[in-house]
Amino acid sequence: MTARPPSRPTTPDTTPAPGAADDSAAGRSGRAATPRPPAVAPSVAARGTFAGPAAGAPPARPSAPRETAPPGRAAAPAGPSPAAPSAAGSHGVRPAVPLSDEDRGRLLDGAHHDPHGLLGAHPVRGGLLIRVLKPCARGVTVLAKGLRADLPAEGDGLFAGVLPLRTIPDYELLVDYGDNTLTVQDPYRFLPALGELDLHLLGEGRHEQLWQALGARITEHQGVTGTRFTVWAPNARGVRVVGDFNYWDGTGHPMRSLGSSGVWELFLPGIGEGELYKFEITRPDGSRTVRADPMARRTECPPANASVVEASHYHWTDADWMARRGERPVHEAPFSVYEVHLASWRPGLTYRQLAVQLPAYVKDLGFTHVEFMPVSEHPFGGSWGYQVTGFYAPTARMGTPDDFRFLIDALHRAGIGVLMDWVPAHFPRDDWALAEFDGRPLYEPQDPARAAHPDWGTLEFDYGRTEVRNFLVANAVYWCEEFHIDGLRVDAVASMLYLDYSREDGGWTPNVHGGRENLDAVAFLQEMNATVYRRCPGVVTIAEESTAWDGVTRATHHVGPGGFGGLGFGLKWNMGWMHDSLGYVSKEPVHRKYHHGEMTFSMIYAYSENYVLPISHDEVVHGKRALVSKMPGDWWQQRADHRAYLGFMWAHPGKQLLFMGQEFAQGAEWAESHGPDWWLLDPSYEAEPDHRGVRDLVRDLNRRYAATPALWERDTDPAGFSWIDGDAREDNVFSFLRFAADGSPLISVSNFSPVVRHAYRLGVPGHVPAWREVLNTDAARYGGSGITNPAPLTTEPTPWNGRTASVSAVLPPLATLWLRPA
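Let me begin by describing the structure that accompanies this report. Here the residue numbering is sequential within each chain, running from 1 through the sequence in written order. Thresholds applied to this predicted model are a pLDDT of at least 70 for local features of residues and 80 or more for the giving and counting of side-chain atom pairs; totals over whole chains, interfaces and linings are not thresholded and use all residues. Computation of side-chain values covers all heavy atoms of the structure but excludes hydrogens and water.

### Looking at the overall build of the protein chain
Next up, step 1: Each helix corresponds to a stretch of at least 4 residues labelled H or I by DSSP, and each strand to a stretch of at least 2 residues labelled E; elements are numbered beginning at the N terminus. In terms of helices and strands, the protein chain carries 17 helices and 34 strands.
Next up, step 2: Every one of the 822 residues in the protein chain was classed for burial, and the buried ones make up 60%.
Next up, step 3: A contact between two residues is defined here by any heavy atoms of the two lying within 4.5 Å. For the protein chain, the proportion of contacts with a sequence separation of at least 24, taken over those separated by at least 6, is 73%.
Next up, step 4: Throughout, the Shrake-Rupley method with a 1.4 Å probe supplies accessible areas, and for residues the shown protein chains are the sole cover considered. Counting every atom, the protein chain has about 30,300 Å² of accessible surface; 53% of that belongs to carbon and sulfur. Here's how the labels work: a residue is buried when its accessible area is under 20% of the maximum for its type, exposed when over 50%, partly exposed in between, all with a 1.4 Å probe on protein chains only.

Shown next as structure tokens:
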């Protein structure tokens, strides 16, 4: 379970009912609310900066909202349009039959399910009815080949007339705002821009590329370029698009409902990349709420929270990496991970600046992968990214989505894989995001007690709802396909699996079988893993699962003794090893013999799952102290224990993960506000050699590890490990053998006592004539005492530790040795 700081408070949605004044700043942080646009339409550069009338003054009658002309057309000046045909003016235009009071009221209130049935062009008896809704306009003229027709005003921004035409032409609208006249396309003359196949897959919950169907997507539709807006809001009475392009007044841009799918759609011609937008939703009770797009692929930089129309222009250069990454199964490959909080690794750097520094640093230290703490957009930086509001958008704090692609591409070119923390367990309650999105629980369960996450003040997802499960499964695929992510570390899996997680007796409802397992969450995780592995070759999924759930890394079709198929993850964090081993090394050496089993217990279950050994951010915050600071004794002993522990960890079966700052023995806890204490590596600092020595060790550990198949090739095979002596508790010594697939061995010996052990005998395979020291964490260059075994250790026919042969070695104090055949 990922530890988190307290959730920040959120403001409840207080949007008034229809007819009441709306002072919600159009749902956008940092922007003044305007019920209508300014009297003089501002330039694009000045968007969102309009200040309303002085307090107490009546509002001025506004004029033209900004409308984007279709590609290739400029806004026409006031007066006759030079682009208009020279045909007769409005001769023959008859007034239209007025809308019913009900349709008119629902349309203007943003509560109509089918605005396209009222607006646009429709054949009627005697001609073609064209009705347009242009708030603040003084007049609207229909322009087509051989046609120029003025539409009579109907009030409230409605203009309509019946033209003497039998077919619907490709027409445009000349909109007069008094001091400005614009030629624009009519959004309501277009057919739906979302296909039947998309709607079918949405209904089935099987749209594996959901981001291509929902959200804001720039497209060419019926020969016109614009943006298709789509949003799933099945409980809404109506939905309108608001944004910079209409000065956050959605009156003129209601969306249509696409039937039982619950999807609302509107194609807006001329709207392109970089436009800010949200959805104004009329709830079932008639009140309104303004929401960011759940499928937004780009967002404003927090604390602003509007969605941004996005189109990627990035050209990848990592084809070789993508082709090779799946050649070897991850559990049979070297896999050492450097965990990074991008925003604080070196504070102030953008994605592109990180792309210069981070790959070089990680490559120099020899890590095979980096793991990013969550990069999905989140409003509160203090959550470290674990309270997500933009599941499809990389955080804008460090740049654009293409900038983020650039960083990943740079890491791949350096030969480094990229893992990303992914958070499908919960989401925050911010009233502009997912919580009660369309006026009722939608992404969260209907039962408030079931929806509330007891630990973090957030909401859990409703994994039993088809569309919600689709939203999350497609999101996992999205990061892998669109951003070339090589692995997803799934956060807080235990909180998803158990209905009674952090809940008191009587505070939860058993499943249909009377058990505590969340069957919907199990099915979701199985579907997610199966889909990702099928669609994205070479990608690995990793579970942060802190219990003994059976089959976390078992295939989904293999049913275990508990009656469940496996969850289908590739790897699982070994939280037990982390807890036990840190408990051991935090004890004074004189007491360690009483806790010897905490270091050996992990081998009892080491092959029950495919494990990662994590020393993560969770272990160096909130009073837990940095890794080196957990160690007892003086500064020399702390560093020695730190180095010995890392040597033991890298030799233990399982993959390795180390959080930033721990590679150079930072003594202070991590803080997201300032990141690692890089100043410790400044040559002018007196203790700089102490910290640099630890970092040099980490580099050598990674390089020796990568070059030694015995340390990773049989991580999940019991035949790859053998104790030499797992019960030398009086000596505080742990010794074992690791074997590669071809049988080649490595010996690891850790002495967690502060005394030198001379002539320490170890039983070894008799067929190896001599052994040489390939790594010693007590070497002087790492800051140790320099006690080594410089000459090869000759194998002697002296039985020891149940073997027929042995060697005699010197064990330095608080140190780990690695020996290989000489």
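### Side note on the sheet that holds strand β13 (residues 263-269)
Next up, step 1: Two strands are counted as paired when DSSP detects at least two bridges linking them. Pairing in this open sheet of four strands is antiparallel, and the strands run β9-β10-β13-β12 from one edge to the other. What marks the edges here is a single partner per strand, and that holds for β9 (215-221) and β12 (256-257).

### Focus: helix α17 (residues 688-706)
Next up, step 1: Taking 1.5 Å per residue, 19 residues should reach 27 Å; α17 reaches 27 Å between its end C-alpha atoms and fits that length.
Next up, step 2: Turning to α17, its buried residues are Glu688, Asp690, His691, Gly693, Val694, Arg695, Leu697, Val698, Arg699, Leu701, Asn702 and Tyr705. Here a helix's expected span is defined as the number of its residues, less one, multiplied by 1.5 Å.

### Description of the pattern of salt bridges
Next up, step 1: By salt bridge we mean one thing: a side-chain nitrogen of Lys or Arg within 4 Å of a carboxyl oxygen of Asp or Glu. For the structure on display, the rule yields 45 salt bridges.
Next up, step 2: One salt bridge connects glutamate 102 with arginine 106, and the closest N-O pair in it is separated by 3.9 Å. Of this pair, glutamate 102 and arginine 106 both sit in helix α1 (residues 101-108), four residues apart, which is roughly one turn of the helix.

### Structural notes on the side chain of histidine 652
Next up, step 1: In this structure, histidine 652 sits in the loop between α16 (635-651) and β26 (655-659).
Next up, step 2: Of the polar contacts made by the side chain of histidine 652, one reaches the side chain of serine 602; its length is 2.8 Å.
Next up, step 3: Look past the residues within four positions of histidine 652 in its chain and what remains in contact with it is Trp577, Ser602, Met603, Leu613, Phe736 and Arg738. Identification of polar contacts relies on pairs of N or O atoms within 3.5 Å, with a donor-acceptor requirement for protein atoms, meaning one able to donate a hydrogen and the other able to accept it, and with residues adjacent in sequence counted only if both atoms are side-chain atoms.

### Focus on the nonpolar core
Next up, step 1: Think of a nonpolar core as a cluster: buried Ala, Val, Leu, Ile, Met, Phe, Trp, Tyr and Cys residues, connected wherever their side-chain atoms sit within 4.5 Å. One finds Phe229 and Leu342 to be the most contacted residues of the largest nonpolar core, which totals 175 residues.
Next up, step 2: By residue number, the principal contributor to this core is helix α8 (residues 466-483), which donates eleven residues.

### Some points on the packing of aromatic side chains
Next up, step 1: Side-chain rings of Phe, Tyr and Trp, where Trp is taken by its six-membered ring, are said to pair if the distance between their centres is within 6.5 Å; with planes under 30 degrees apart they count as stacked, over 60 as edge-to-face, and otherwise as tilted. Taken as a whole, this structure holds 49 aromatic pairs when the rule is applied.
Next up, step 2: Considering the side-chain rings of tryptophan 232 and tyrosine 443, the 5.7 Å spacing of their centres and the 90° angle between planes classify their relative orientation as edge-to-face. Remark: tyrosine 443 occurs in the loop between β21 (417-422) and α7 (448-451) and tryptophan 232 occurs in strand β10 (residues 224-232); sequence separation between them is 211 residues. Pair check on accessibility: tryptophan 232 and tyrosine 443 agree, each one buried.
Next up, step 3: Sitting above the plane of the tryptophan 573 ring, arginine 489 keeps its charged end 4.1 Å from the centroid. Remark: a charge is flagged as sitting over a ring if the NZ atom of Lys or the CZ atom of Arg is within 6 Å of the ring centre and within 35 degrees of the ring normal.

### So, unusual backbone geometry
Next up, step 1: Here proline 302 and proline 303 are connected by a cis peptide whose omega angle stands at 15°.
Next up, step 2: By secondary structure assignment, the location of proline 303 is in the loop between β15 (288-291) and β16 (307-308).
Next up, step 3: A positive phi angle is found at tryptophan 248, which is not glycine, with a value near 60°.
Next up, step 4: Structurally, tryptophan 248 can be placed in the loop between β11 (238-243) and β12.
Next up, step 5: With a phi close to 75°, arginine 625 is a non-glycine residue in the positive phi region.
Next up, step 6: One can find arginine 625 in the loop between β25 (611-615) and α15 (627-630).
Next up, step 7: For arginine 625, a relative accessible area of 44% gives the class partly exposed.

### Points about the sheet that holds strand β32 (residues 793-794)
Next up, step 1: Strand order in the open sheet made by the six strands is β27-β28-β29-β34-β31-β32, with antiparallel pairing throughout. Strands with a single pairing partner mark the edges of an open sheet, and in this sheet they are β27 (721-728) and β32.
Next up, step 2: As paired strands, strand β28 (residues 733-739) and strand β29 (residues 745-751) are joined by seven bridges and run antiparallel to one another. Across the sheet, the residue bridging to phenylalanine 734 is serine 750, located in β29.
Next up, step 3: Geometry is summarised by axes, namely lines fitted to C-alpha atoms with helices restricted to the contacting stretch, and by angles between N-to-C directions that run from 0 to 180 degrees. Against the sheet, α16 engages β28, β29 and β34 (815-821), with an angle of about 40° to β34.

### Focus: the pairing of strand β1 (residues 120-124)
In the case of a regular strand, side chains alternate between the two sheet surfaces.
Next up, step 1: Where β1 meets strand β2 (residues 127-133), five bridges bridge the pair, whose relative direction is antiparallel. The residue of β2 that forms the bridge with proline 123 is leucine 128.

### Things to note about the environment of alanine 741
Next up, step 1: By the secondary structure assignment, alanine 741 is in the loop between β28 and β29.
Next up, step 2: For alanine 741, a relative accessible area of 55% gives the class exposed.
Next up, step 3: Taking the C-alpha atoms as reference points, alanine 741 and aspartate 717, separated by 24 residues in sequence, lie 9.6 Å from one another.
Next up, step 4: With residues up to four places along the chain from it excluded, the contact list for alanine 741 reads Glu713 and Arg714.

### Here's the deal with the pairing of β28
Next up, step 1: Most of β28 is tucked away, with seven of its seven residues classed as buried.
Next up, step 2: Every second residue of β28 is oriented toward a common face, with Val733, Ser735, Leu737 and Phe739 on one face and Phe734, Phe736 and Arg738 on the other, all of them buried.
Next up, step 3: In this structure, the hairpin formed by β27 and β28 is closed by a connection of four residues, where asparagine 732 is found at a positive phi of approximately 60°.
Next up, step 4: Between the antiparallel neighbours β28 and β29 lie five residues, among them glycine 743 with a positive phi of about 90°.

### Examining the packing of α8 against helix α10 (residues 519-535)
The angle between the axes and the distance between the axes are what describe a pair of packed helices.
Next up, step 1: Orientation of α8 relative to α10, taken along the N-to-C sense of each, is 30°, at an axis distance of 10 Å. In terms of orientation, α8 lies roughly parallel with respect to α10. Note on packing geometry: the crossing formed by α8 with α10 is right-handed. Each of Arg469, Leu472, Val473, Ala476, Val477, Cys480 and Glu481 in α8 lies in contact with α10, whose residues at this interface are Phe524, Glu527, Met528, Thr531, Val532 and Arg535.
Next up, step 2: When residues are sorted by character, Ala, Val, Leu, Ile, Met, Phe, Trp, Tyr, Cys and Pro go into the nonpolar class, Asp, Glu, Lys and Arg into the charged class, and all the rest, Gly among them, into the polar class. Among the residues forming the contact of α8 with α10, the class breakdown is eight nonpolar, one polar and four charged. Just so you know how the angles are binned, under 35 degrees is roughly parallel, over 145 roughly antiparallel, 65 to 115 roughly perpendicular, and the rest oblique. Helix crossings fall into two classes, left-handed where the near helix is turned counterclockwise from the far one by less than a right angle and right-handed where it is turned clockwise.

### A look at the state of the cysteines
Next up, step 1: We call a pair of cysteine sulfur atoms a disulfide whenever their separation is within 2.5 Å. Taken as a whole and judged by the stated rule, the model has zero disulfides.
Next up, step 2: Of all cysteine sulfurs, the one in cysteine 536 lies closest to cysteine 480, which takes part in no disulfide; the gap is 4.6 Å.

### Digging into the packing of helix α6 (residues 401-413) against α8
Next up, step 1: Interaxial distance between α6 and α8 falls to 10 Å at its minimum, and their mutual angle equals 70°. As far as their axial angle goes, α8 and α6 are roughly perpendicular. Here α6 contributes Pro401, Phe404, Arg405 and Ile408 to the contact with α8, which in turn contributes Trp479, Glu482 and Phe483.
Next up, step 2: Each residue belonging to the contact of α6 with α8 can be placed in one class, and the counts come to five nonpolar, no polar and two charged.

### Points about helix α11 (residues 575-585)
Next up, step 1: Of all eleven residues that make up α11, nine are buried, and the element is covered over most of its length.
Next up, step 2: Taken residue by residue, α11 has Met575, Trp577, Met578, Asp580, Ser581, Leu582, Gly583, Tyr584 and Val585 as its buried positions.

### Side note on the environment of glycine 243
Next up, step 1: By the element assignment, glycine 243 lies in strand β11.
Next up, step 2: When the C-alpha atoms of glycine 243 and phenylalanine 279 are compared, they prove to be 8.5 Å apart, with 36 residues separating the residues in sequence.
Next up, step 3: Leave out the neighbours within four places in its chain, and glycine 243 touches Trp248, Leu276 and Tyr277.

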